[in-house]
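Okay, here's what each chain looks like letter by letter:
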Amino acid sequence: MPSEPVEEYDAIVIGAGVSGMYALHHLREMGLAVRVYDGATDVGGTWWYNRYPGARVDGPGSPFYCYAFSDELMKEWDWAETQSEQSAVLDYLEHVADRFDLRRDIQFETWVEDARYDEAEQRWTVETSTGVRASARFLICAVGALSTANMPEIPGIHDFAGECYHTGRWPHEPVSFEGKRVAVIGTGSSGIQSIPEIAKQAAHLTVLQRTPQFAFPAGNRPITPAEMAEARANWDALREKMYAHGSGFPFDPYPARSAFDDTPEERRAHYEALWQRGGFGFFLDLYSDIAISEEANATLADFVREKIREAVHDPETARKLMPDHFVITKRPILHDGYFETFNRDNVALVDLREDPIECFTKTSVITASGEHPIDMLVLATGFDAISGTMLRLDPKGRGGVPLHERWADRFHNYLGMTVSGFPNLFMIHGPGSPGVFYNMPLGAERQLNWIGDFMHVLSERGFGAVEPTPDAEDAWFDEVVGIANATLFPRTDSWWTGANIEGKPRYFSAYLGGSIYYQRIADVAGQDYPGFRFEPLQASGDAKAS
Ligand code: N01
């Protein structure tokens with residue numbers, strides 16, 4: 001069969017989620033020919049896939065979990081709640097796609113199955129699941145930091161004959177729990193958001209918990225019209241605040257006070273006030289040493305453990321729910337009635353540390369203590385995060401070397417966006433960037449603005465290819481790890497450290513410096529891009545360049 005002709009673009013974007021949508025808009029505004037591929041049927045990425053019951057923004061939330069590039073967009077969109085439901089975020093993203101006419105350059109239901117760099121042409125060629133082949137000078141990987149589902153390999157799990165859903169691959173058709181015996185594996189954000197909702201409907205719910213979690217009141221509430229009007233009226237100043245704050249949200253600067261600057265009574269009162277207020281602001285108004293000092297951390301951990309003890313009636317269940325890691329060193333979770341759910345008669349908790357899963361049968365899960373008959377299994381088991389989807393794509397760089405070889409020991413990168421041996425490839429929210437530690441729509445915008453400027457410089461100066469030097473990557477690694485190692489974060493097993501995926505390089509791969517990162521990349525541009533190696537445009541690449 002003759003192969004499809006190769007479509008030619010300036011840039012190919014993989015992924016039509018929050019980052020890919022802005023990549024398309026921004027690069028198209030620059031006058032580039034751009035094509036986006038996505039496996040889903042519409043825009044939204046993570047918000048298209050994660051439709052499990054209870055799915056909501058579990059970060060600082062609306063109205064500032066949004067794009068900041070368009071004043072009109074900010075001013076015309078109404079957010080209903082501080083912790084927007086998944087469907088509300090998806091509505092917003094669909095509106096963005098309509099408003100900026102994005103869909104005409106996106107090919108949906110199309111997986112990029114292979115991406116290869118051609119050194120002579122200085123271009124990337126992609127092969128897709130629909131047979132379309134395309135080539136472009138630049139490859140933008142907007143593949144998502146939390147998009148490759150972690151499917152646990154437990155003996156017999158494939159024999160289980162009941163319904164089985166991963167929270168990150170939730171069906172688009174309604175799922176009914178009525179009258180069913182359901183088991184949920186996993187008590188991260190997805191588990192803790194969905195468990196109270198499933199418990200309300202199911203005949204019986206068994207929660208299979210490997211690691212107990214610290215969770216904080218979501219404090220979700222309606223956003224009043226007056227609040228929306230105020231946000232719009234002050235948008236310029238709020239956007240400046242978003243740019244300045246380490247989280248990318250318009251908060252006041254982090255407090256500079258140590259937990260031990262207060263008396264135990266004052267400290268408790270401070271925690272109690274934050275607890276009553278709820279929401280992600282809890283973590284932004286904490287003491288400055290909570291993530292640095294074991295002793296400071298213990299003051300908050302003890303406070304939350306006390307709250308769990310108060311919420312859960314059965315002391316034995318409360319004991320099993322007691323987390324023992326440093327608080328906030330696994331992704332902090334916002335909950336709405338999670339701990340109280342264990343007071344229901346139809347909910348049972350299995351502590352897998354004491355009572356591990358042995359296997360699944362057609363109709364049950366068997367743990368060391370016995371058999372639990374179930375009709376449905378919900379896998380809230382998370383993702384091969386941050387690097388996993390880049391590795392699933394596994395682009396082939398210079399000499400045909402696949403990324404998985406380059407990343408065998410660690411996720412070599414410079415500025416969290418580029419990889420040596422992979423010229424003209426840019427990652428959004430990849431390892432080495434703040435990614436999940438920052439307001440992700442704003443972070444994507446800031447990275448893509450930087451990338452757009454860089455592309456412009458390359459074409460102005462007649463360069464055909466650019467990539468970082470291995471030395472620059474090593475120095476960046478030292479910087480990323482150096483910042484993380486000054487905190488307690490790397491000392492806890494989490495998806496941040498890669499500990500949830502067997503065989504994955506174990507280290508804290510996100511840039512923890514918040515807005516310092518954006519200053520760092522601006523400085524690199526201001527100093528004319530130290531750490532990069534440039535290659536003149538080849539004659540053969542010239543013919544296809546825009
Ligand atoms: O995944 P997780 P998630 N046997 O990795 C357990 C974002 N998010 O989907 O802790 C038994 O946090 C695992 O146990 P352990 C948010 O950033 C955003 O919940 O590894 N258990 C853990 O309890 C979040 O942090 C939103 O010991 C197994 C759970 O499964 C990130 O996504 C909503 C197991 C996985 O928790 C990931 O959250 C939801 C096994 N074999 C999520 N394997 C919104 O903003 C794993 N576990 C809307």
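Here the structure is a predicted model, which means the values were calculated and not measured.

S.K.: It is not clear to me how the pattern of salt bridges should be interpreted in this structure. Could you clarify?
M.R.: Opposite charge on two side chains permits them to pair, given that their charged atoms come into close proximity. Inspection of the entire model under this criterion finds 42 salt bridges. Here Asp 114 and Arg 116 are joined by a salt bridge, their closest N and O atoms 2.7 Å apart. On the basis of relative accessibility, which here comes to 13%, the residue Asp 114 falls in the buried class. Owing to a relative accessible area of 41%, Arg 116 belongs among the partly exposed residues under this scheme. Here Arg 491 and Glu 294 are joined by a salt bridge, their closest N and O atoms 2.6 Å apart. Residue Arg 491 is located in the loop between helix 16 (470-485) and helix 17 (515-526), and its partner Glu 294 is located in helix 10 (residues 294-311); the two are separated by 197 residues in the primary sequence. Several salt bridges share partner residues, and in doing so they unite Glu 119, Arg 398, Glu 467, Arg 533 and Glu 535 into one network.

S.K.: I tried to follow the site of the ligand on my own but got confused; where do I start?
M.R.: Inspection of the region around the ligand gives 25 residues, with Arg 56, Thr 187, Ser 190, Arg 210 and Thr 211 positioned closest. A distance of 2.4 Å separates an oxygen atom of the ligand from a polar side-chain atom of Thr 211. A distance of 3.2 Å separates an oxygen atom of the ligand from a polar backbone atom of Ala 380. Protein chains bury 87% of the 920 Å² of accessible surface belonging to the ligand in isolation. A total of 3 residues in the shell around the ligand trace back to one element, the largest contributor, which is helix 5 (residues 189-201).

S.K.: Sorry if this is basic, but what is going on with helix 6 (residues 225-233) here?
M.R.: Two residues of an α-helix separated by three or four positions point the same way, owing to the 3.6 residues in each turn. Residues Met 228, Ala 231 and Arg 232 constitute the buried set of helix 6. Buried residues along helix 6 cover an arc of 100 degrees about the axis, so they all sit on one side. The exposed set on the far side of helix 6, more than 90 degrees from its buried face, consists of Ala 226, Glu 230 and Ala 233. The inward-facing, buried residues of helix 6 abut helix 3 (71-76) and helix 7 (235-244).

S.K.: What's the story with the confidence of the model for the chain in this structure? I'm lost.
M.R.: Detailed reading of the predicted coordinates is not advisable wherever pLDDT falls low. With 98% of its residues at a pLDDT of at least 70, the chain reaches an overall mean of 96. Between residues 542-546, whose pLDDT stays under 50, and residues either more than four places distant or in other chains, the model counts 8 contacts.

S.K.: How should I be thinking about the sheet that holds strand 9 (residues 204-209) in this particular structure?
M.R.: Note: strands within a sheet are paired through backbone hydrogen bonds, in either parallel or antiparallel orientation. Strand order in the open sheet made by the 5 strands is 7-16-8-9-12, with parallel pairing throughout. Looking at strand neighbours, the two that pair on one side only are strand 7 (163-166) and strand 12 (347-351), the edges of this open sheet. Taking the axes of each pair of neighbouring strands and ignoring which way they run, one obtains an average angle of 15 degrees across the sheet. The pairing of strand 8 (residues 181-185) with strand 16 (residues 376-379) spans 4 bridges and is classified as parallel. Across the sheet, Val 182 pairs through a bridge with Met 376, a residue of strand 16. Those strands touched by helix 5 are strand 8, strand 9, strand 12 and strand 16, and its axis lies near 155 degrees from that of strand 9.

S.K.: Looking at this structure, I do not really get the sheet that holds strand 14 (residues 364-367). What am I missing?
M.R.: The antiparallel open sheet is built from 3 strands, whose spatial order is 13-14-15. Looking at the sheet topology across the chains shown, the edges are occupied by strand 13 (357-360) and strand 15 (370-373). Neighbouring strand axes in the sheet, compared pairwise and without regard to direction, differ in orientation by 25 degrees on average.

S.K.: Please clarify how unusual backbone geometry should be interpreted in this entry.
M.R.: Trans peptide bonds make up the majority, and among non-glycine residues the majority have a negative phi. One non-glycine residue, Asp 394, adopts positive backbone phi at about 50 degrees. Here Asp 394 is to be found in the loop between helix 13 (388-393) and helix 14 (403-406). The buried category is assigned to Asp 394, whose relative accessible area is 13%.

S.K.: How should the packing of helix 1 (residues 18-29) against helix 15 (residues 440-461) be read in this particular structure?
M.R.: The packing of two helices is summarised by the inter-axis angle and the distance between the axes. Between helix 1 and helix 15, the least distance of the axes is 9 Å, while the angle of their chain directions is 35 degrees. Remark: the crossing between helix 1 and helix 15 carries right-handed chirality. Of the residues in helix 15, those in contact with Val 18, Ser 19, Tyr 22, Ala 23, His 26 and Leu 27 of helix 1 are Pro 441, Ala 444, Glu 445, Leu 448, Asn 449, Gly 452 and Met 455.

S.K.: Would you mind showing me how to read the pairing of strand 5 (residues 123-128) here?
M.R.: Both faces of the sheet carry side chains from a regular strand, because those side chains alternate between them. Sheet topology note: the strand 4 (residues 112-118)/strand 5 ladder contains 6 bridges and is antiparallel. Across the sheet, Asp 114 pairs through a bridge with Glu 127, a residue of strand 5. The sheet contact formed by strand 5 and strand 6 (residues 133-141) spans 4 bridges and is antiparallel. Its bridge partner lying in strand 6, Val 126 is registered against Ala 134.

S.K.: Honestly, the domain arrangement of the chain in this entry has me stumped. Any pointers?
M.R.: As a measure of interface size, the accessible area lost when the parts come together is often cited. Each domain of the chain was delimited in the assignment, giving domain 1 (6-43 + 102-148 + 384-536) and domain 2 (157-221 + 248-379). Each partner contributes residues to the interface: domain 1 has 15 residues there, and domain 2 has 16 residues. In total, about 1300 Å² of surface goes out of reach between domain 1 and domain 2, with carbon and sulfur atoms giving 59% of it. Counting the contacts that link domain 1 with domain 2 gives 1 salt bridge. Counting across the interface, domain 1 meets domain 2 through 6 residue pairs in polar contact (both at pLDDT 80 or more). When grouped by side-chain class, the residues that make up the side of domain 1 that touches domain 2 number 7 nonpolar, 5 polar and 3 charged.

S.K.: Looking at this structure, how should I read helix 15?
M.R.: Along its 22 residues, helix 15 runs 32 Å from first to last C-alpha, staying within 8% of the 32 Å computed at 1.5 Å per residue. One or two positions beyond helix 15, positive phi appears at Gly 462, with a value near 75 degrees.

S.K.: Got a minute to help me understand the nonpolar core in this structure?
M.R.: Generally speaking, soluble globular proteins have nonpolar side chains that are buried together. With 73 residues, the main nonpolar core has Tyr 67, Tyr 92, Ile 140, Leu 415, Trp 450, Ile 451 and Phe 532 as its most contacted residues. Counting residues per element, this core draws most heavily on helix 15, which supplies 9 residues. Those residues within four positions of Tyr 92 in sequence are excluded, and the remaining contacts are Cys 66, Tyr 67, Leu 73, Trp 77 and Trp 79. If you look at the next biggest cluster of nonpolar residues, it comprises 61 residues, including Trp 170, Phe 280, Ala 311 and Phe 489.

S.K.: Looking at this model, I keep getting lost on the packing of aromatic side chains. Mind explaining?
M.R.: Working definition: an aromatic ring pair is given by the centre-to-centre distance plus the angle between the planes. Applying the stated criterion to the full structure yields 53 aromatic pairs. Centre to centre, the rings of Trp 170 and Phe 177 are 6.4 Å apart; their planes meet at 35 degrees, and the pair counts as tilted. Given the relative accessible area of 6%, Trp 170 is considered buried. Taking relative accessible area as the criterion, Phe 177 reaches 2% and is therefore assigned buried. Ring centres 5.3 Å apart and planes at 65 degrees place the aromatic pair Phe 477 and Tyr 507 in the edge-to-face group. Of this pair, Phe 477 sits in helix 16 while Tyr 507 sits in the loop between helix 16 and helix 17, and the two are 30 residues apart along the sequence.

Procedures and definitions
Residues numbered from 1 in each chain as written. Predicted model: local features only at pLDDT ≥ 70, side-chain atom pairs only at ≥ 80, totals over all residues. Heavy atoms only, no water. Salt bridge = Lys/Arg side-chain N within 4 Å of Asp/Glu carboxyl O. Buried < 20%, exposed > 50% of the residue type's maximum accessible area, 1.4 Å probe, protein only. Helix = DSSP H or I, 4+ residues; strand = E, 2+ residues; numbered from the N terminus. Near = heavy atom within 4 Å. Polar contact = N/O pair within 3.5 Å; in protein donor to acceptor, adjacent residues only side chain to side chain. Areas by Shrake-Rupley, 256 points an atom, 1.4 Å probe, with all protein chains shown as cover. Arc of directions from axis to C-beta. Contact = heavy atoms within 4.5 Å. pLDDT = per-residue confidence, 0-100. Pairing = 2+ DSSP bridges. Axes fitted to C-alpha atoms, helices over the stretch in contact; angles between N-to-C directions. Left-handed = near helix turned anticlockwise from the far one by under 90°. Domains from an automatic or database assignment. Buried area = accessible area lost by both parts, 1.4 Å probe. Nonpolar A, V, L, I, M, F, W, Y, C, P; charged D, E, K, R; others polar. Expected span 1.5 Å × (residues − 1). Core = buried A, V, L, I, M, F, W, Y, C linked by side-chain atoms within 4.5 Å. Phe/Tyr/Trp six-rings, centres within 6.5 Å; stacked < 30°, edge-to-face > 60°.

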